[in-house]
Amino acid sequence: MPRTKRKNKSSKLSIQKRWCTETKTESNMDISEHNSNVAQHSSGDRILKNERISMQEKSVLEQENVADTYNGPSYIIVDKNALCDIFKYTLCGICNQSTLKLEFGHKYGVSHQLKLVCKTCSEQKMECFTSPRLEKKSNTSTPFDVNVRAVQAFLAISGGHASVEKFCMFLNMPLMSSKTFNEIKCYINSVSLASQTVLNYVHNSVQNAYSKFNQNGSNTVTDIAVSFDGTWLT
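Residues numbered from 1 in each chain as written. Predicted model: local features only at pLDDT ≥ 70, side-chain atom pairs only at ≥ 80, totals over all residues. Heavy atoms only, no water.

- By the naming in an unreviewed UniProt entry, the protein chain goes by Mutator-like transposase domain-containing protein and is assigned to Trichonephila clavata.

This is how it looks when you write it as structure tokens:
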């Protein structure tokens, strides 16, 4: 059997090498194209994410601006000692002595009575509560705003009077009595019932208005989805 010539061997090797190179080149092109698509997709996701974050930051800033211009009741937790130190070196307008003292009077839930008294001349400078009362609409006494907000907050997180007691104990605050808690709870329920009554009236009015303009004669009201406070961004 005759030997295979070296020329034929070298030509076969060169052909195999060439085809192998082309195959690798095509494979590399596919990989690079895939990586490019992934990079473009990741870049698009990153852009959308950055836009969402910027819109969320803008929404937060707008809410902060609204909070700065809000004139209604708002609260912070302050240490009593820090509050008393404010008047530590304040001079009395009558005796010209720095003996003003902040005294804490009666408490109603988590609302306290504050009295600014001069110990030298026994002059009472001011008296107020740490929270305003709600608007009075009847002869009965209305609760303090901070008490209503506190009870409403604990009810919203499925907490009761026991949860309020634990919260007050951890902050060394005077406890809110169960009587006050239950009275405010009844007050919140009555307000919620009145609000629901008004909402039902508005709903019926809108339904009647839609039924008049509905050409098909059906009473179906189209649901209108409304998003607010930036939750649609997430």
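## Structural notes on the packing of aromatic side chains
And step 1. Overall, the coordinates contain 4 aromatic pairs when judged by the stated rule.
And step 2. Seen from their ring centres, Tyr108 and Phe129 are 5.8 Å apart, and the 55° between their planes marks the pair as tilted. Highlighted residues: Tyr108 in strand 1 (residues 100–108) and Phe129 in strand 3 (residues 124–129), separated in sequence by 21 residues.
And step 3. Between Phe129 and Phe144, the ring centres sit 5.1 Å apart and the planes meet at 45°, which makes this aromatic pair tilted. Of this pair, Phe129 sits in strand 3 while Phe144 sits in the loop between strand 3 and helix 3 (145–156), placing them 15 residues apart in sequence.
And step 4. Judged by its relative accessible area of 32%, Phe129 is partly exposed.
And step 5. The ring of Phe104 is capped by Lys80, whose NZ or CZ atom sits 4.6 Å from the centre of that ring. (Phe/Tyr/Trp six-rings, centres within 6.5 Å; stacked < 30°, edge-to-face > 60°. Helix = DSSP H or I, 4+ residues; strand = E, 2+ residues; numbered from the N terminus. Buried < 20%, exposed > 50% of the residue type's maximum accessible area, 1.4 Å probe, protein only. Lys NZ or Arg CZ within 6 Å of the ring centre and 35° of its normal.)

## Quick notes on the sheet that holds strand 2 (residues 111–118)
And step 1. An order of 1-2-3 is seen for the 3 strands of this open sheet, with the pairing classed as antiparallel. In this open sheet, the two edge strands, each paired with only one partner strand, are strand 1 and strand 3. The mean inter-strand angle of the sheet, taken between neighbouring strand axes irrespective of direction, is 15°.
And step 2. Here 7 bridges tie strand 1 to strand 2, and the two strands are oriented antiparallel to one another. Along strand 2, the bridge assignment pairs Lys107 with His112. (Pairing = 2+ DSSP bridges. Axes fitted to C-alpha atoms, helices over the stretch in contact; angles between N-to-C directions.)

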